[in-house]
Amino acid sequence: MESQISYKSYNETVGQSYLLKDHGLNLCLTEVSPQRISDPWESFSLLFRADTEFTLEQGTYLLKHDTLGELEIFLVPVGFSAENSLLMEFESVFNRQISRGK
C-alpha cells in the first residue's frame with residue numbers, strides 16, 4: 001500500500017471514483033485544495049462526494065483507486081452538499097512532511 005501519494009497524483013484524479021472498500025460505496029473526488037508548502041511541510045485537502053444518504057463516522061478508511069491503488073485515508077463527514085442534498089461530502093486534510101525531491 002502506497003503511504004504517500006503526491007499532491008499532483010490526487011489532482012490528476014479529480015472527478016474520478018474511489019471505492020470505499022469495507023462499505024462498497026463509491027466516493028468521487030470532487031476537489032483538491034491548493035497546495036501550501038512551508039518547507040519541509042505541505043498541506044492540502046481532498047473533498048469527496050457520495051451519491052447516498054449513507055454517512056461514516058470520522059476515521060481512517062481503506063479506499064481503492066484504479067490508478068493509485070489502495071490508500072488508507074482519514075475521512076471526516078462534512079454534511080450534505082450545498083448543490084445537491086442527496087450527495088454526502090467527506091473531507092481529508094493532509095499536513096505532512098515532504099522530502100525536497102518531491
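What counts as what
- Numbering of residues starts from 1 in each chain and follows the order in which that chain's sequence is written.
- Only residues with pLDDT of at least 70 are given local features in this predicted model, and only at 80 or more are side-chain atom pairs given and counted; all residues enter the totals for whole chains, interfaces and linings.
- Hydrogen atoms and water are omitted, and side-chain values are computed over all heavy atoms in the structure.
- Each helix is a run of H or I in the DSSP string that is no shorter than four residues. Each strand is a run of E no shorter than two, and both are numbered from the N terminus.
- With a 1.4 Å probe rolled over the protein chains alone, any residue whose accessible area is under 20% of its type maximum counts as buried; one over 50% counts as exposed, and the rest are partly exposed.
- Only heavy atoms matter for contacts: two residues are in contact if any of them lie within 4.5 Å across the pair.
- With residues, only the protein chains shown are counted as cover, and all accessible areas are computed by Shrake-Rupley using a 1.4 Å probe.
- We define a nonpolar core as any set of buried Ala, Val, Leu, Ile, Met, Phe, Trp, Tyr and Cys residues linked to one another through side-chain atoms lying within 4.5 Å.
- We define a polar contact as two N or O atoms separated by no more than 3.5 Å, with the added condition that, inside protein, one atom must be a possible hydrogen donor and the other a possible acceptor, whereas residues neighbouring each other in sequence contribute only through side-chain atom pairs.

> Just checking my understanding: could you explain the overall build of the protein for this structure?
When its secondary structure is counted, the protein shows 1 helix and 7 strands. Taken from the N to the C terminus, the helices and strands of the protein come in the order α-β-β-β-β-β-β-β. In terms of its C-alpha atoms, the protein occupies a principal-axis envelope of roughly 40 × 25 × 25 Å. Counting over 102 residues, the protein shows a buried share of 36%. Pairs at least 24 residues apart make up 53% of the contacts formed inside the protein by residues separated by at least 6 positions. Carbon and sulfur atoms form 46% of the exposed surface of the protein, whose accessible area is close to 6,300 Å².

> Would you take a moment to explain the nonpolar core for this structure?
Taken as a class, soluble globular proteins show a tendency for nonpolar side chains to be buried jointly. Core analysis: the biggest nonpolar cluster contains 23 residues, and Y10, F48 and L75 have the highest contact counts within it. Contributions of two or more residues to this core are made by helix 1 (7-11), strand 1 (17-20), strand 2 (25-32), strand 4 (41-51), strand 5 (59-65), strand 6 (69-80) and strand 7 (87-97).

> What is the right way to read the side chain of R96 from this model?
Considering the arrangement of structural elements, one finds R96 in strand 7. Among the polar contacts listed, one links the side chain of R96 to the backbone oxygen of I5, at a separation of 2.5 Å. Side chain to side chain, R96 and E42 meet in a polar contact 2.6 Å long.

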